[in-house]
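# Structure assessment
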Amino acid sequence: MLSIKGLKGFQYHAFTAFVHVVMPRPSLGSRMFGTSAGSIDSSLLKIQRATTLKPKPAFDNSLPFGKFFTDHMLEIEWDEKDGFNAPQIVPHGPLSIDPAAPCLHYGVQCFEGMKAYKDKSGVIRLFRPDKNMKRLNDSCHRLSMPMFDGSQFIECLKQFLKVDRDWIPDKDGFSLYIRPTVIATSSSLGVHPAHHALFYVIACPVGPYFKDGFAPVKVLAESKFKRAWPGGTGCNKVGGNYAPGLLPQKLAAKQGYSQVLWLFGEDDYVTEVGSMNFFVFWKRPDGKRELITAPLDGTILPGVTRDSILELTRAWGEFEVSEKLFTMKDLINAVNEERVIEVFGAGTAAIVSPINGISYMDEEYKIPCGKDGKAGELSTKLFHELCDIQYGRKQFRDWSVAIH
């Protein structure tokens, strides 16, 4: 049997190529928004409005993440015989599922994270929702759960947002966090593809990730624990990717570090940081500036923010933009040679999260973090550029989707 643990250098690169060829990451192509019999039909949507509305929290910097949920939720049931039932918007409340449901025992569940915004005219906007639908479809496919018509799901989501529009803050930096989720709900034990599933969406208002401006963090490069591996589910947004990271995160926090920098292979290839994609902006040995992040080799989550950063910076044409493997040795050499310009994580919650220190093998390396020590010029520019697009202040391609 081939051992992953001993892979290094060319061997690891060759193995990930083998994974692509022999065990390819799902490429749904024209089936991305599949329209098989029994697919989601937004025209059948039913709305049951809550008779009693919840008090809303203050939309200020005291607003916590994930605590206050909107009055309603979107539900779509599926079974293998009849396909998708009529979508429905119902009052937010507890789910009723059998205690034998596979989502509770075998981790047959996946989810997405996205946001809705209000622009200065009060129009609701989504940011690249097609990317979230594609990724959710990929996750469903990987777990042998039903694939769906993403465009129809988005239409249902739009109606859900219209019903709960008063929960969407109209302040800059605030938004409505949206959590589409798919769980296998069959009422029997046994490891097998789902016979029944529930698609649902809940949402909660959220404030700025950095309440008082950028706050750079220090991270612990982790060699012992692994987030993902070739042929696994690192490229999917499934619950099983997150629970195993809780212990390493707890141990890192005890040492004073905010996040874990995930490494892989004997040569310690750099992959992701916490639950975010990881970027390094540096000067290569030849003097050229380069923004680099790990490639989508099946172990990396295809983040919407990640993709947006890559597309934006390539459109600017100011420096090289690369998706390729690099190691902690490469990064440390660049730090020691003062070639690192800045380092940051990227994800839906923070957009960009500056990093000012990395601990590796019991040694801490200081990372430049701009003139003010809070964020580099690139991090700052990306943050403001993406915010402008998300809130409809600037147009870039078809990324901002207005809901009328």
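Keep in mind that what you see is a predicted model, and the values were worked out from it rather than measured. Throughout, a residue's number is its position along its own chain's written sequence, starting from 1. Reporting of local features is limited, given that this is a predicted model, to residues whose pLDDT is at least 70; pairs of side-chain atoms are given and counted only at 80 or more, and all residues count toward the totals for whole chains, interfaces and linings. Each side-chain value is derived from all of the structure's non-hydrogen atoms; neither hydrogens nor water enter the calculation.

What follows concerns the overall build of the protein chain. Within the protein chain, the regular secondary structure consists of eight helices and 19 strands. For the protein chain, whose C-alpha radius of gyration is 22 Å, the value lies close to the compact-globule estimate of 22 Å for 404 residues. Projected onto the principal axes, the alpha-carbon positions of the protein chain cover approximately 65 × 55 × 40 Å. Remark: exposure states derive from per-residue accessible area (1.4 Å probe, protein chains only) relative to the maximum for the residue type, with buried under 20%, exposed over 50%, and partly exposed in between. Per-residue burial over the protein chain gives 54% buried out of 404 residues. In what follows, residue pairs with any heavy atoms lying within 4.5 Å of each other are defined as contacts. Restricting the contact set of the protein chain to residue pairs at least 6 apart, pairs at least 24 apart contribute 73%. Carbon and sulfur atoms form 52% of the exposed surface of the protein chain, whose accessible area is close to 18500 Å². In the protein chain, the 48 positive side-chain charges and the 45 negative ones have mean positions that sit 2 Å from each other. For the purposes of this entry, the term helix denotes a DSSP run of H or I that reaches at least four residues, the term strand denotes a run of E that reaches at least two, and both are numbered from the N terminus. Here the globule rule reads 2.2 Å times residues to the power 0.38, and the radius of gyration is calculated from C-alpha atoms. Note that accessible areas follow from Shrake-Rupley with a 1.4 Å probe, and for residues the cover is restricted to the protein chains shown. Charge assignment: positive for Lys and Arg, negative for Asp and Glu; neither His nor the chain ends contribute. A charge is said to be at NZ when it belongs to Lys, at CZ for Arg, at CG for Asp and at CD for Glu.

Core analysis: the largest hydrophobic core is formed by 39 residues, its most contacted members being M145, F148, L161 and I178. At the level of elements, β2 (72-79), β6 (114-118), β7 (124-127), α3 (129-142), α4 (150-163), β8 (175-184) and β9 (196-206) are the ones that each hand at least two residues to this core. Considering each element in turn, this core owes the most residues, seven residues, to α4. Take the buried Ala, Val, Leu, Ile, Met, Phe, Trp, Tyr and Cys residues and link them wherever side-chain atoms come within 4.5 Å; each set so joined is a nonpolar core. Within the second largest apolar cluster, 27 residues are counted, among which are F214, A350, L378 and L382.

What follows is about the pattern of salt bridges. By definition here, a salt bridge exists when the distance from a side-chain nitrogen of Lys or Arg to a carboxyl oxygen of Asp or Glu is within 4 Å. Under the defined criterion, the tally for this structure stands at 20 salt bridges. R227 is the partner of E272 in a salt bridge, and the nearest nitrogen-oxygen pair spans 3.2 Å. With E272 in strand β12 (residues 269-273) and R227 in the loop between β10 (217-222) and α5 (246-254), this residue pair connects regions lying 45 residues apart in the sequence. Notably, a salt bridge pairs E290 with K324, separated by 3.2 Å at the nearest N-O pair. One end of the pair, E290, is in strand β14 (residues 289-293); the other, K324, is in the loop between β15 (320-323) and α7 (328-336), and 34 residues separate them in sequence. Residue classification places K324 among the partly exposed positions, given a relative accessible area of 35%. Residues joined by salt bridges that share partners form a network here, namely R128, K131, D307, E311 and R397.

Moving on to the environment of R128. Of note, R128 is situated in the loop between β7 and α3. Judged by relative accessible area, which is 6%, R128 ranks as buried. Distance in space between the C-alpha atoms of R128 and V304 is 7.7 Å, their sequence separation being 176 residues. Apart from the residues lying within four places of it in its own chain, the contact partners of R128 are V304, D307, S308, E311 and W399.

With that settled, the discussion passes to the packing of aromatic side chains. In summary, the pairing rule links any two rings of Phe, Tyr or Trp, Trp by its six-membered ring, whose centres are within 6.5 Å, and it sorts them by plane angle into stacked for under 30 degrees, edge-to-face for over 60 and tilted for everything else. Inspection of every chain in the model, using the stated rule, returns 15 aromatic pairs. Considering the side-chain rings of Y209 and F210, the 4.9 Å spacing of their centres and the 80° angle between planes classify their relative orientation as edge-to-face. Relative accessible area serves as the criterion here: at 42%, Y209 is assigned to the partly exposed category. For F210, a relative accessible area of 15% puts it in the buried group. One residue, K381, lies across the ring of W316, its end atom 4.0 Å from the ring centre. Lysine and arginine charges are scored as sitting over a ring when NZ or CZ, respectively, is within 6 Å of the ring centre and within 35 degrees of the ring normal.

The next point concerns the pairing of strand β16 (residues 340-347). Buried residues dominate β16, accounting for seven of its eight residues. We treat two strands as partners when DSSP finds at least two bridges between them. Here strand β13 (residues 276-283) runs beside β16; their pairing, made up of six bridges, is antiparallel. By the bridge assignment for β16, W282 is matched with V340. Here β16 hands over to strand β17 (residues 351-360) after three residues, the two strands then running antiparallel side by side.

On to a nonpolar patch on the surface, then. There is a patch of nonpolar side chains on the surface, built from L95, I97 and L104 and spanning about 230 Å² of accessible area. With respect to the helices, strands and loops of the structure, I97 is situated in the loop between β4 (88-91) and α2 (102-105). Given a relative accessible area of 31%, I97 falls into the partly exposed group. What makes a patch is a set of residues exposed beyond 30% relative accessible area and free of salt bridges, joined within 9 Å when like-charged and within 5 Å when nonpolar (Val, Leu, Ile, Met, Phe, Trp, Tyr).

Let's shift gears to the confidence of the model for the protein chain. For every residue, the predictor reports its confidence as pLDDT, a number between 0 and 100. Scored by pLDDT, the protein chain comes out at a mean of 92, with 91% of its residues at no less than 70. Contacts of residues 1-6 to residues separated by more than four positions or lying in other chains number seven contacts, the stretch itself having pLDDT below 50. The low-confidence segment residues 14-37, where pLDDT is below 50, has 40 contacts with residues more than four positions distant or belonging to other chains.

If you check the backbone angles, E338 has positive phi at about 55° while not being a glycine. On the secondary structure map, E338 appears in the loop between α7 and β16. Overall, the relative accessible area of 72% leaves E338 in the exposed class. Phi is positive for M361, close to 55°, though the residue is something other than glycine. Tracing the sequence through the fold places M361 in the loop between β17 and β18 (363-366).

Our next topic: the packing of helix α6 (residues 304-316) against helix α8 (residues 377-390). Running from N to C, α6 and α8 point in directions that differ by 105°, and their axes come no closer than 11 Å. Compared by their axis directions, α6 and α8 come out roughly perpendicular. Contact with α6, carried on its side by T305, S308, I309, L312, T313 and W316, involves L378, K381, L382, E385, L386 and I389 of α8 and no other residues of that element. Residues of the contact of α6 with α8, tallied by class, amount to seven nonpolar, three polar and two charged. Structural elements are reduced to axes, namely lines fitted to C-alpha atoms, with helices fitted over the stretch in contact, and the angle between N-to-C directions of any two is expressed from 0 to 180 degrees. Convention used here: angles under 35 degrees read as roughly parallel, angles over 145 as roughly antiparallel, angles from 65 to 115 as roughly perpendicular, and any remaining angle as oblique. Following the grouping adopted for this structure description, the nonpolar residues are Ala, Val, Leu, Ile, Met, Phe, Trp, Tyr, Cys and Pro, the charged ones are Asp, Glu, Lys and Arg, and the polar ones are all others, Gly among them.

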